[in-house]
Structures are given as structure tokens and as C-alpha cells.
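As a plain string of letters, each chain reads:
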Amino acid sequence: MATVHLRIGDLVWGKLGRYPPWPGKVVSPPKDLKKPRGKKCHFVKFFGTEDHAWIKVEQLKPYHPHKEEMIKINKGKRFQQAVDAVEDFLKKAKGKEQNSESKGDSKGKKTSTKPLKILEEDDEDLSALKDPSEKPVSSLEPISKRLKIIEEDTITSIQAADSTAINGSIIPTDKRIGFLGLGLMGSGVVSNLLKMGHVVTVWNRTAEKQCDLFIQEGARLGRTPAEVVSMCDITFSCVSDPKAARDLVLGPSGVLQGIRPGKCYVEMSTVDPETITELSQVITSRGGRFLEAPVAGSQQLSNDGMLVIVAAGDRTVYEDCSSCFQAMGKTSFFLGEAGHAARMMLILNMVQGSFMATIAEGLTLAQATGQSQQTFLDILCQGQMASTFVDQKCQNILQGNFKPDYYLKHIQKDLRLAISMGDTANHPTPMAAAANEVYKRAKALDQSDNDMSAVYRAYIH
């Protein structure tokens, strides 16, 4: 197989980890971002995303010769948008070139027939090859300047750090990262941490089932949660429920046995505020630093690095996690004291779960009254309730596709915890309570391990 020589400005297809080949452009890396040792690779900006990454040469193909092949094997709205962005870029570049030639002719000057300059890797002048839509932003901008104040006058300091503020060019932290739990959400998070150059040590309850792929992608393997925490500066956890979160910290060879002064522990699981308070207290009692950072999203958003992180606890840990949050999500919020993020996430998931149950109810009522479900969806997606969530979930229901993107059993758990939180606050949650009963019926119909959209089946049985 002949070696393909690529240069700055070339359009390519780049294969990154488990993701399908994606259109991008070879660009010059930031001066402070060194090329990985011992690897022949190019720095690529991917179209239709905020991502940059070092890609091995064997994972790159020239754009034009392989365009037809890639379009045939890859599907999806985001992929098509990325291809459209490339074509739009090419049209603009061609238009500028023709415009430049016209101006030269109008002044009576000889039009140059020389090709555009292809910049070498050490050339700093990229202005002729940059995507017109890109905005120059320093990747070294301090986190304090990237923070956007959302609300200053409330009791809780609420701030959001937008990962798109640095145009996807992430400088990975030099801290050693640990990650416990490689389920639907955790797997995508770890992939993006590795993709953006973080040093990650992983552990999963069923190690042989989940860890091998990440080891192949450069992760290290920890034998126990305690070992991961002792080896790493910041350890993240993402497990299924409050019991699993407690067991991970307090159980045999658990996190608590590896905590030492200065070690950071970040709980990303969606649990109740009481569990967060307990975990925060035991971690800090050993001199550790604690942050809760549950995420809003799904498996697909986790894979795409588009989660929303809601954090609370030790503010310095939040800042130390800056590059990690940029790798895994599009936006992060800091809500103040530990417990606030758990409350906010339960409210968010309560709304989402109730909404999903209502959509399923509408689809089944349409069918029961002789209306076309597809027409119902088409009308819905043209109105004020139109969203990617509605479109994807409804299409999956109509296709009978309930492959989990967010487990039904987990959204029912979140509804249950939100209702309990409402009881504690003496606040009524009748809509969530009604939705919870529908999900409980779906669980009784063996839908627990299907996607949350399988709540639809509770209405048809």
C-alpha cells in the first residue's frame, strides 16, 4: 500500500478510536501542543464538530478519492452536516479564488497560474487555509476568562464553562486521571478523555468485558478502585445508583482505602443529595477533595463529547477538571456546595422522564383514535416542541428500536429519587408520580434494560 503524504491544509478522512471516519482538515497544532512521541501523525480539525486531535497517518485518507466510499458506509444527520460543511468550505474557497482572479484581470495584471501555497508544518501563516467560520481564540486562555457568569446575585454561585470557547483545542491536564465505571455514559467519557490526550487509568466491575478496548486505546488498568485512586490525582466515578456509588467508596478495596490528602474524587453518578453528603464527608475526612459532577445527556451525547456537566462541591477541583470537562461535554455549570448538583440533575431527569412518558402516551392515543403516528410526529416536529430528542425517540419507537441510549430502569430511578426529594421539601410532584407509575409498569414488562423510550410498551400491553 503506497504511503499517502499529507500536508497542512489537506482535506482528509480521519479515523479516531471507535468513531467512524470523519471529514477534517490537516492544520498546524498550537505551539504548546507537542506531537505524541514515537508516532507519525497529523493534527486534524474535524468539520461539523469542535474537535481537534492528533491522528496517526494510517488512520488518515485523502478526502476527495475516498468521499464516495465514506458517504456510502456512514449515515446520520451529524455526519451529513459535517460533509456539507466541507463542501461549503470548498465552495467558499473556490469563490474567493475566482474573485481574486477577477480583480487581478480588472486591474490589467497577469493572472497567476501557480497553485495556492501549501504550508509546511512549521509555517505559522494559516490565514489562507482557515475555515472562514472559525474564530481565533487562544487555547491558553485561563479558565477564569472562559467562565461565563450566568447569575451573580443568587445565594449559590452559578457559572458555566463552555468548551466551545476554545474552539475544541483542548490542552489536557498533566494530572493523572482515574475512571471507575464503564457503562453507557462512562465509556463515551473515557474515550473522549483519551482522544484529547489525557492519561487515564480505568476500572470496571467486569473488567474483562469493558476495559480491553480502552487499554488498546492507551488507557491503563487498575485492579481495584483503591488502586486507581492511589495511582491517580483525580478519580471520576460513574455508576448506576446510590447503592453502587456507596459500595464503590465504602466497600472492600474501595475508594476510601486509596484516598490520601490532596487526592480528588469526582462523583458523576446521578444519585440523591443525601448520598452525596455522605460521600463528601467520608472523602474529606481523609484529607481528600470532593466534587459531584453528574451529567445530563445520553450514550450518544457521551460518545460525541456533548454532555452537560452540573458540578458542585470543591471549586478548586472543578477548575482542576477543566480540560476533562471540555473533553467530555459542551458546557459545565458550577452550582456551589455539594448536593446542589444532585438536586438539579434529579429535577432535569424528572422533567425529561415525564416528557418521554407523555410523548409515548400521545403516540399510542393517536393510534387508538385512527390517526397516523408518523403524521403526528411530522406535525409535532414542525411546531414549538420540535427537538432532536423528540424526533429521535419517536422514530425509534415507530421502528421498534429500543436499543438503550439511557436505560429505562435508570430514568425510573431518577423519577423515584426526585419524588422523594419533593416529599422532603414538602413540594408536590404529581406529574412525576404519574410518569413513575408508567415506568414501573414498563419495568414489570421486562423493559428495564431497554431505552427509556420503551415506556411506550407500557401503553400497548
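Here, every reference points to the structure presented above.
The text that follows walks through the structure, step by step, so that each part is easy to find. (Residues numbered from 1 in each chain as written. Predicted model: local features only at pLDDT ≥ 70, side-chain atom pairs only at ≥ 80, totals over all residues. Heavy atoms only, no water.)

## A few points about the sheet that holds strand S3 (residues 41-46)
- Here five strands make up an open sheet; going across it, the order is S4-S3-S2-S1-S5 and the pairing antiparallel. What marks the edges here is a single partner per strand, and that holds for strand S4 (52-56) and strand S5 (60-62). On average, each strand axis in the sheet is inclined to that of its neighbour by 45°, with strand direction left out of account.
- Bridge count for S3 against S4 is five bridges, and the pairing is antiparallel. Directly across from Val44, in S4, lies its bridge partner Ala53.
- Against the sheet, helix H1 (residues 63-73) engages strand S1 (11-14), strand S2 (22-26) and S5, with an angle of about 105° to S5. (Pairing = 2+ DSSP bridges. Helix = DSSP H or I, 4+ residues; strand = E, 2+ residues; numbered from the N terminus. Axes fitted to C-alpha atoms, helices over the stretch in contact; angles between N-to-C directions. Contact = heavy atoms within 4.5 Å.)

## What to know about the environment of Ser285
- Inspection of the secondary structure puts Ser285 in helix H9 (residues 273-285).
- Expressed as a C-alpha distance, the spacing of Ser285 and Leu256, which sit 29 residues apart in the sequence, is 9.9 Å.

## Thoughts on the nonpolar core
- One finds Phe179 and Phe236 to be the most contacted residues of the largest nonpolar core, which totals 35 residues.
- The dominant element in this core, judged by the number of residues it contributes, is helix H4 (residues 184-195), at five residues.
- If near-sequence neighbours (up to four positions away) are discounted, Phe236 is found in contact with Ile177, Gly178, Phe179, Leu180, Val266, Met268, Cys321, Cys324, Phe325 and Met328.
- Leu380, Met421, Ala435 and Val438 belong to the second largest nonpolar core, which has 31 residues in total. (Core = buried A, V, L, I, M, F, W, Y, C linked by side-chain atoms within 4.5 Å. Buried < 20%, exposed > 50% of the residue type's maximum accessible area, 1.4 Å probe, protein only.)

## Quick word on the packing of aromatic side chains
- All chains considered together, the criterion is met by nine aromatic pairs.
- Measuring from ring centre to ring centre gives 5.7 Å for Phe47 and Phe89, while their planes differ by 50°; the resulting arrangement is tilted. Taken together, the residues Phe47 in the loop between S3 and S4 and Phe89 in helix H2 (residues 77-106) connect sequence positions 42 residues apart. Of the two residues, Phe47 and Phe89, both sit in the buried class.
- Between Phe179 and Phe236 the ring centres are 6.1 Å apart and the planes differ by 20°, which places this aromatic pair in the stacked class. Here Phe179, found in strand S8 (residues 177-180), pairs with Phe236, found in strand S11 (residues 234-237); they are 57 residues apart in sequence, far enough to count as distant.
- Since its relative accessible area comes to 0%, Phe179 is described here as buried. (Phe/Tyr/Trp six-rings, centres within 6.5 Å; stacked < 30°, edge-to-face > 60°.)

Worth remembering: the numbers are spatial, not functional.
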